[in-house]
Amino acid sequence: MPLRPVFLTGLTVVAAVILTVLGFGTLPWWCSVAGYVFGALLTVGLMSFYRGEKASRRSRRFRPNPMADRVMSCLTVIGVLAGIICAVQVAIEVAKW
């Protein structure tokens, strides 16, 4: 099974978490928007791509891997939580206007 979607999701989640943590500091609000895009949108998109590849099973390289399924589920939850936190940070900044 190609692990490229798992690796890309991991990178996306790391970026979202970093932007979430840095968003509490003095960075501009657009960093929180980027964290939202990475966490809530790209993570879910990559999870959908992974599930589609898993469901199609047309690829000769695909082999079921339960550990990759668990990792993808955990990464998706972490990414979405980071995206939600970033969305709250953006909402707070917009409310200040």
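Residues numbered from 1 in each chain as written. Predicted model: local features only at pLDDT ≥ 70, side-chain atom pairs only at ≥ 80, totals over all residues. Heavy atoms only, no water.

## Overview of helix α2 (residues 29–56)
With 28 residues, α2 should reach 40 Å at 1.5 Å per residue; the first-to-last C-alpha distance of 40 Å fits that figure. Cys31, Ser32, Gly35, Gly39, Ala40, Thr43, Leu46, Met47 and Tyr50 are the residues of α2 that are buried. Packed against the buried residues of α2 are α1 (4–23) and α3 (66–96). (Helix = DSSP H or I, 4+ residues; strand = E, 2+ residues; numbered from the N terminus. Expected span 1.5 Å × (residues − 1). Buried < 20%, exposed > 50% of the residue type's maximum accessible area, 1.4 Å probe, protein only. Contact = heavy atoms within 4.5 Å.)

## Brief notes about the packing of aromatic side chains
Counted under the stated rule, the structure contains one aromatic pair. Aromatic pair Trp29 and Trp97: ring centres 5.8 Å apart, planes at 80°, arrangement edge-to-face. Of this pair, Trp29 sits in helix α2 while Trp97 sits in the segment after α3, placing them 68 residues apart in sequence. A relative accessible area of 40% places Trp29 in the partly exposed class. In this structure Trp97 comes out as exposed when scored by relative accessible area, which is 70%. (Phe/Tyr/Trp six-rings, centres within 6.5 Å; stacked < 30°, edge-to-face > 60°.)

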